[in-house]
Every structure is written in structure tokens, then in C-alpha cells.
Amino acid sequence: MFQHQQFDRFARQWLADYHTTGRTIYCQAGCSGCCSLVVHTTFPEAMRIAQQLTTDQERQLALYLERLRRAVPHLSSMKSYLRSHRSQIGACPLLDSAGRCTVYPERPLSCRALLSTRPSAWCVADLSRLDPWDKRAYQAGLDRQVVTWPTHFVAATRDLAEELERQILETMRAETGWSLWGNLAVLIGLARALLLEAGATMTAGDILERINHQGLNVPWLLNLQAEPCHDVMESR
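Note that the structure is a prediction, hence the values are computed from the model and not measured.

Rules and cut-offs
Per chain, residue numbering runs from 1 following the sequence as it is written. Totals for whole chains, interfaces and linings use every residue, but because this is a predicted model, local features are given only for residues with pLDDT of at least 70 and side-chain atom pairs only at 80 or more, for both listing and counting. Working from all heavy atoms in the structure, the side-chain values ignore hydrogens and water. Buried residues of nine kinds, namely Ala, Val, Leu, Ile, Met, Phe, Trp, Tyr and Cys, make up a nonpolar core once their side-chain atoms join them within 4.5 Å. Only protein chains enter the area calculation, which uses a 1.4 Å probe; residues under 20% of their type maximum are buried, those over 50% are exposed, and those in between are partly exposed. Each helix corresponds to a stretch of at least 4 residues labelled H or I by DSSP, and each strand to a stretch of at least 2 residues labelled E; elements are numbered beginning at the N terminus. We call two residues contacting when some pair of their heavy atoms lies within 4.5 Å. Using a 1 Å grid laid over the protein atoms alone, points where a 1.4 Å probe fits but cannot get out form a cavity; open sets with protein on both sides within 12 Å along at least 5 of 7 lines form a pocket; any residue with an atom within 4 Å of a point counts as lining. Grid points are joined across faces, edges and corners, and a volume is the space filled by probe spheres set on the points. Put simply, Ala, Val, Leu, Ile, Met, Phe, Trp, Tyr, Cys and Pro go in the nonpolar bin, Asp, Glu, Lys and Arg in the charged bin, and everything else, Gly too, in the polar bin. The convention used is that axes are lines fitted to C-alpha atoms, helices contributing only their stretch in contact, and that angles between N-to-C directions extend from 0 to 180 degrees. Helix crossings get a hand from a simple test, with the near helix turned counterclockwise from the far one by less than a right angle marking a left-handed crossing and a clockwise turn marking a right-handed one. What makes a salt bridge here is a side-chain nitrogen of Lys or Arg within 4 Å of a carboxyl oxygen of Asp or Glu, nothing more.

**So, the nonpolar core**
Phase 1 of the analysis: In this structure, Phe43, Leu68, Trp178, Leu180, Ile188 and Leu221 are the most contacted members of the largest nonpolar core, which totals 43 residues.
Phase 2 of the analysis: Broken down by secondary-structure element, the contributors of at least two residues to this core are helix H2 (43–50), helix H3 (55–71), helix H4 (78–89), strand S2 (178–183), helix H8 (184–196), helix H9 (204–213) and strand S3 (222–226).
Phase 3 of the analysis: Each residue touching Phe43, except ones within four places of it in the same chain, is listed here: Met172, Trp178, Leu180, Leu187, Leu190, Ala191, Leu194 and Met202.
Phase 4 of the analysis: Trp14, Tyr138, Leu142 and Val154 belong to the second largest nonpolar core, which has nine residues in total.

**Topic: empty space enclosed by the protein**
Phase 1 of the analysis: The full count for this structure, using the stated rule, is one cavity of 30 Å³ or more.
Phase 2 of the analysis: Counted as a void, the largest cavity has a volume near 80 Å³.
Phase 3 of the analysis: If you go around the largest cavity, you meet 13 residues; those closest to its centre are Val39, Tyr64, Cys92, Pro93 and Leu184.
Phase 4 of the analysis: Taken together, the residues of the lining of the largest cavity break down into 10 nonpolar, three polar and no charged.

**A few points about the packing of H2 against H8**
Phase 1 of the analysis: Running from amino to carboxyl end, H2 crosses H8 at an angle of 60°, the nearest separation of the two axes being 8 Å. When you trace H2 past H8, the crossing you get is right-handed. Residues Phe43, Ala46, Met47, Ile49 and Ala50 of H2 form the contact with H8, whose participating residues are Leu184, Leu187, Ile188, Leu190, Ala191, Arg192, Leu194 and Leu195.
Phase 2 of the analysis: Grouping the constituent residues of the contact of H2 with H8 by class yields 12 nonpolar, no polar and one charged.

**Concerning the environment of Val186**
Phase 1 of the analysis: Structurally, Val186 is set in helix H8.
Phase 2 of the analysis: With sequence-adjacent residues up to four places away left out, Val186 is seen in contact with Leu65, Leu68, Leu216 and Leu222.

**A short note on the pattern of salt bridges**
Phase 1 of the analysis: Scanning the entire structure with this criterion turns up nine salt bridges.
Phase 2 of the analysis: In this structure, the salt-bridge partner of Arg112 is Asp8, at a minimum N-O distance of 2.8 Å. A residue pair is termed long-range when its members are at least 10 positions apart, and Arg112 in helix H5 (residues 109–112) and Asp8 in helix H1 (residues 2–19) qualify at 104 residues.
Phase 3 of the analysis: The exposure class of Arg112 is buried, given its relative accessible area of 5%.

**Quick notes on the layout of surface pockets**
Phase 1 of the analysis: Of the volumes computed, that of the second largest pocket is approximately 180 Å³.
Phase 2 of the analysis: Contributing to the lining of the second largest pocket are Gln3, Phe43, Pro44, Met47, Ile168, Thr171, Met172, Glu175, Thr176 and Met202.
Phase 3 of the analysis: Among the elements of the structure, H2 and helix H7 (155–176) are those that each provide at least two residues to the lining of the second largest pocket.
Phase 4 of the analysis: A total of five residues in the lining of the second largest pocket trace back to one element, the largest contributor, which is H7.
Phase 5 of the analysis: Class assignment of the residues belonging to the lining of the second largest pocket gives a composition of six nonpolar, three polar and one charged.

Written as C-alpha cells, this is what we have:
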């Protein structure tokens, strides 16, 4: 995907420049702390991953989606969704037993963008539950010229990833009349179902019907837009 190539070129140069200052980015193979966070992506990126799933990946995906479906009725907002994701739903189903990403070359922009300026322990910490003194100490140690405040993740890569995601969605909407963004695993499951159904239609109405059938039509989980630009998810 062109946007992935563009992002990787930028990230390589940014990292090279950052390392010349003597500072460290702590991300490394097997460090999967950010993979326990909610991962949202665009439908075209999810479709690329869906096209290459193995049997074991499909099994792990199904288990994740079942946990998500059980949790959804008890989650009332984006905030509750983000807070309960680790404890109720679990990490990305595309990790292997060693915590490595099994689709790393095709990982979405939202994953590529997360570069940590702190050790991995901070990537799994619930900052909202920190003692006020610890929270102030954490924030005081952040370089506001580098990070997306008040997190410790690099701002430059996240900003570029968001812009490239917008480009992907705009292209999708121009070509199909609709665009879809949301939970990575849900989108992969949806894309996989469409790939397995010969001649499956892909209109906004068909997609909305499938989402409703799965009980996943909630605005903080998926965002479906169609022409003219209005949020189709609000019509449920």
C-alpha cells in the first residue's frame, strides 16, 4: 500500500534523526504493550490483512470477536471501551505466543505510528489510575516537543498516520460511495466474510446490515460514512 511505504520512509528518517540526539525509542521485537490497546484502522488496511489470514489467525480472531460481542452490551461509551479493553477483551488476536505481530509487514498505520519514548512498562500502564504525584512526575518527564501530550508516544508519526488514514478513507469513499473505519479485528472479520462470499455486495447498506446483525453497530466501535457525507451509523 502506497501510504504504508510513504509512512515507512518518513519514520526511518525521523528515527535516524532522533537517535543522533542520543535519545531512545523503546519499541522492539516482542514488545507488545501497545498491542493490548484498542487498535482502530481503515477498512482497506483490514482487507489487506484479511486476504492472508492463516487458520490459526482466524481462530484467534474468532475468539477475540466473541469476547468483544459479550463485552459490548456492558460498555456505554468510548471511555468505558478503552478502559475495559485489556481486562475484558484482550490483546490483538494477531499476536503469536511470543508477543510478536504475525502480520507485521501489513500492520496498519495506527500500529506503525506508535513509537514509545518510554520503556514498555508505560505502554501497559493505565495512566488514569496513577497516583496524582506519580502522574505529575510522568508528565514532567515528557518532551512536549516530541510526544503527543499527555502520552509518551511520538507526535510526528501519529500526525502523519492520521493524515494518511484520511487519504485512504477519502479514496475509498470516492471509489465506492462509502468508507469504514474502526476496530481492527471487527473490520478484518467483516472483510474476511466478504472475501469468502462469492459475489458479495459491498454497498453501505449491505455493510450496515451486517454490522447490525453482529450487534456491533456502536459509534465508538465502527464509523461508517456514505455520500453525501453523513454518519450512516446514526441511522440505526
